[in-house]
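Given next are the chains, with one letter for each unit.
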Amino acid sequence: MYFLHGSSRINERGHLEIGGCDTTELAKQYGTPLYIMDEAYIRQKMRSYVQAFQKERLAFRVAYASKAFSTMAMCRIADEEGLMLDVVSEGEIYTALEAGFPAERIYFHGNNKTPQELEFALDKGIYLFVVDNFDELHLLQHLSKEKGKTARVILRVTPGVEAHTHEYIQTGKEDSKFGFGLESGQALEGVRQALNCDHLELLGFHCHIGSQIFETEAFELTISKMSKFFQTCYERWGMITRIFNTGGGFGIRYEQGDTPKEPAEYVAVIAQAVRESMKDLPCLPEIWIEPGRSIVGEAGTTLYTVGTVKDVPNIRKYVAVDGGMTDNIRPALYQAKYEAILANRANEASSEVVTIAGKACEEGDILVWDVALPPVKQGDLLAISCTGAYNYSMASNYNRVRRPAVVFVQNGQADLVVERESLADLVSHDRIPARLAKKKVGLTI
Ligand SMILES: *Cc1c(COP(=O)(O)O)cnc(C)c1O
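What counts and what doesn't
- Residues numbered from 1 in each chain as written.
- Predicted model: local features only at pLDDT ≥ 70, side-chain atom pairs only at ≥ 80, totals over all residues.
- Heavy atoms only, no water.
- Helix = DSSP H or I, 4+ residues; strand = E, 2+ residues; numbered from the N terminus.
- Rg over C-alpha atoms; globule rule 2.2 N^0.38 Å.
- Buried < 20%, exposed > 50% of the residue type's maximum accessible area, 1.4 Å probe, protein only.
- Contact = heavy atoms within 4.5 Å.
- Areas by Shrake-Rupley, 256 points an atom, 1.4 Å probe, with all protein chains shown as cover.
- Pairing = 2+ DSSP bridges.
- Axes fitted to C-alpha atoms, helices over the stretch in contact; angles between N-to-C directions.
- Left-handed = near helix turned anticlockwise from the far one by under 90°.
- Nonpolar A, V, L, I, M, F, W, Y, C, P; charged D, E, K, R; others polar.
- Arc of directions from axis to C-beta.
- Near = heavy atom within 4 Å.
- Polar contact = N/O pair within 3.5 Å; in protein donor to acceptor, adjacent residues only side chain to side chain.
- Salt bridge = Lys/Arg side-chain N within 4 Å of Asp/Glu carboxyl O.
- Phe/Tyr/Trp six-rings, centres within 6.5 Å; stacked < 30°, edge-to-face > 60°.
- Lys NZ or Arg CZ within 6 Å of the ring centre and 35° of its normal.
- Parallel < 35°, antiparallel > 145°, perpendicular 65-115°, else oblique.
- Domains from an automatic or database assignment.
- Buried area = accessible area lost by both parts, 1.4 Å probe.

Trainee: With reference to specific residues and values, describe the overall build of the protein chain.
Mentor: If you tally the helices and strands in the protein chain, you get twelve helices and 23 strands. Since a compact globule built from 445 residues should have a radius of gyration of about 22 Å, the 24 Å found for the protein chain is in line with a globular shape. A principal-axis box enclosing the C-alpha atoms of the protein chain has dimensions of 70 × 70 × 40 Å. In the protein chain, which comprises 445 residues, the proportion classed as buried is 54%. Here the contacts in the protein chain between residues at least 6 apart in sequence split such that 70% fall between residues at least 24 apart. Carbon together with sulfur atoms contributes 49% to the accessible area of the protein chain, which is approximately 20000 Å² in total.

Spelled out as structure tokens, the structure:
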């Protein structure tokens, strides 16, 4: 069953409306597929994390994990809301800086930051680096030294806790491409080496234990394990942990049955666990979080136009839309589930169960299996909710499909924040070597 997120509602004309904008009008003006982002809802999510921490009276920073949805307009919102920005590539740094996001509120994640990316980040003066492994530690020390700079760092630690939507597992397993293993002793060795790097300033640690997490025990366990580690670092080297970044991964409600916690609840659990397990440290670290999905996920809706409908007798009806895995890879990639509604006939009762197919040349390009809808016909507008995170940012040009436009909506106003790609954009990076150039017909020399 479709349910309404954020400012979405069904208006008097029976149309889906978001941010005060009638989606049928948006389709006319901007075409489909179209990503629609509910700006007020994005800001509200950001504020709910910040306000929850303010209530806890802990030193904190809230960052937005920009990989969930990185565009210049989005960086403006994160800046206006005073958030930090977690980036994972030169491209995300560039996007942020071009948008006027201050370098001193950007920090850099990634398990294989290239020397070029590290230099770029050092030159731009970003706030800190989340160092992922020994090679990066030494490379960053070397590059900082060459530039006569000191880089602030925190180390990414894999605490042996892994959380998934409805459960967590405490693995002894160190089998992750990310971070310094806690249980293998790599994390401790990482600290020893970082403290010996005279061009690095080690400020603390980071853990990220999963994504779309519903329960809170995994955070509590992580914090408790890490507090012992901070104590060890203090006892061995007198190292004071100034920053503890507990990562992102807070769950959202894709389907009616999903039951994530409110931002304030996650924050309260983290704050409580920090206070309890870290009370014997010389001082409490500043607590950072870096949600991505939970800030933008529910704020996004993708609008499609229905094209062909194919009935496979006694089996299923396929309703094909003008987008698919090129704008939303998640169903094909991780069997992600979504809800759909007819945006132009949103009040009509459902009477059949259909499967929403994309237009890409892949049998697996299905957006939603078995969704109840009114009788669907060509030209209807289909909306899929909860597409704000990891949809636009994972979009591709497979089949040379043009990536959709993105609009921000609020207070009845729609603003284009990413233009739809043009046909010319598709070939703009193509080059034809001279030897393959089309010969002019009929030309004689
Ligand atoms: C992806 C990621 C995040 C954001 O995760 P969400 O599930 O979108 O909140 C935060 N931190 C790190 C290190 C990540 O890799």
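From this point, the discussion proceeds with the structure in view.
Trainee: Could you give an account of the pairing of strand β23 (residues 413–418), naming the residues involved and the relevant values?
Mentor: The pairing of strand β22 (residues 405–410) with β23 spans five bridges and is classified as antiparallel. Its bridge partner lying in β23, Phe408 is registered against Asp415. Where β22 hands over to β23, the hairpin turn is made up of two residues, of which Asn411 adopts a positive phi near 50°.

Trainee: Just give me the short version of the packing of helix α2 (residues 39–56) against helix α9 (residues 263–277), but keep the residues and values in it.
Mentor: Two elements in contact, α2 and α9, have axes whose closest approach is 9 Å; the angle formed by their N-to-C orientations is 30°. The handedness of the crossing between α2 and α9 comes out as right-handed. For the pair α2 and α9, contact is made by Lys45, Ser48, Tyr49, Ala52, Phe53 and Glu56 and by Pro263, Ala264, Val267, Ala268, Ala271 and Arg275, respectively. In terms of residue class, the contact of α2 with α9 is built from eight nonpolar, one polar and three charged.

Trainee: Residue-level account of helix α1 (residues 23–30), with values.
Mentor: Taken together, the buried positions of α1 are Thr23, Thr24, Leu26, Ala27 and Tyr30. Within α1, the buried residues cover an arc of 160° as seen down the axis, which keeps them to one side. Facing away from the buried surface of α1 by more than 90 degrees, the exposed residues are Lys28 and Gln29. Where α1 terminates, the next one or two residues include Gly31, which has phi positive at roughly 80°.

Trainee: Explain the site of the ligand to me, and be specific about the residues and the numbers.
Mentor: Near the ligand there are 15 residues, and of these Lys67, Ser211, Glu290, Arg293 and Tyr390 occur at the shortest range. Lys67 places a polar side-chain atom, nitrogen or oxygen, 2.7 Å from an oxygen atom of the ligand. Residue Gly249 places a main-chain N or O atom 2.8 Å away from an oxygen atom belonging to the ligand. Computed on the free molecule, the ligand has an accessible area of 380 Å², of which 92% lies beneath the protein chains in the complex. Class assignment of the residues belonging to the shell around the ligand gives a composition of three nonpolar, seven polar and five charged.

Trainee: Give me the lowdown on the side chain of Thr246, citing residues and values where you can.
Mentor: Note that Thr246 resides in the loop between β14 (243–245) and α9. When neighbours within four sequence positions are excluded, Thr246 is seen to be in contact with Cys207, Phe219, Ile223, Ile270, Ile287, Trp288 and Ile289.

Trainee: Give a detailed account of the pattern of salt bridges, specifying residues and quantitative values.
Mentor: Counted by the stated rule, this structure contains 24 salt bridges. Taking the shortest distance from any N to any O, the salt bridge between Arg9 and Glu17 comes out at 2.9 Å. Accessibility expressed as a relative area gives 34% for Arg9, which makes it partly exposed. Across the pair Asp430 and Arg400 runs a salt bridge whose closest N-O atoms are separated by 3.0 Å. Placement of the pair is Asp430 in the segment after α12 (423–427) and Arg400 in the loop between β21 (381–385) and β22, with a sequence separation of 30 residues. For Asp430, a relative accessible area of 39% corresponds to the partly exposed category. Using a relative accessible area of 46% as the deciding quantity, one classes Arg400 as partly exposed. What emerges from the salt-bridge pattern is a single network uniting Glu39, Arg43, Arg47, Glu80 and Glu81.

Trainee: If you had to explain the packing of aromatic side chains to someone new, which residues and values would you point to?
Mentor: On inspection of all chains with the given rule, the structure shows 16 aromatic pairs. Between Phe69 and Tyr392, the aromatic rings sit 5.7 Å apart at their centres with planes inclined by 65°, giving edge-to-face as the arrangement. Pair noted here: Phe69 is in the loop between β5 (60–65) and α3 (72–80) and Tyr392 is in the loop between β21 and β22, with a separation of 323 residues, a long-range link. What makes Phe69 buried here is its relative accessible area of 1%. Members of the aromatic cluster, each reached through a chain of ring pairs, are Tyr35, Phe69, Tyr392 and Phe408. Its end group placed over the ring of Phe108, Lys113 keeps NZ or CZ at 5.7 Å from the ring centre. Taking the ring centre of Phe3 as reference, the NZ or CZ of Arg253 above it sits at 4.1 Å.

Trainee: Report on the packing of helix α8 (residues 217–237) against α9, specifying residues and quantitative values.
Mentor: Where α8 contacts α9, the two axes come as close as 9 Å, and the packing angle between them is 25°. Of the possible angle classes, the one that applies to α8 and α9 is roughly parallel. In this structure, the crossing between α8 and α9 has a hand that is right-handed. Residues Phe219, Glu220, Ile223, Ser224 and Ser227 of α8 form the contact with α9, whose participating residues are Tyr266, Val269, Ile270, Ala273, Val274 and Ser277. A per-class count over the contact of α8 with α9 returns seven nonpolar, three polar and one charged.

Trainee: Account for the domain arrangement of the protein chain, naming residues and giving values.
Mentor: Under the domain assignment, the protein chain is made up of domain 1 (9–38 + 297–427) and domain 2 (39–294). Using C-alpha coordinates to define each centre, domain 1 is positioned 33 Å away from domain 2. Carbon and sulfur atoms make up 60% of the area that domain 1 and domain 2 hide from each other, which totals about 1900 Å². The largest per-residue losses of area from domain 1 upon contact with domain 2 belong to Glu298, Tyr390 and Phe408, which jointly make up 33% of the total buried on that side. Counting the contacts that link domain 1 with domain 2 gives zero salt bridges. At the boundary of domain 1 and domain 2, one finds 13 residue pairs in polar contact (both at pLDDT 80 or more).

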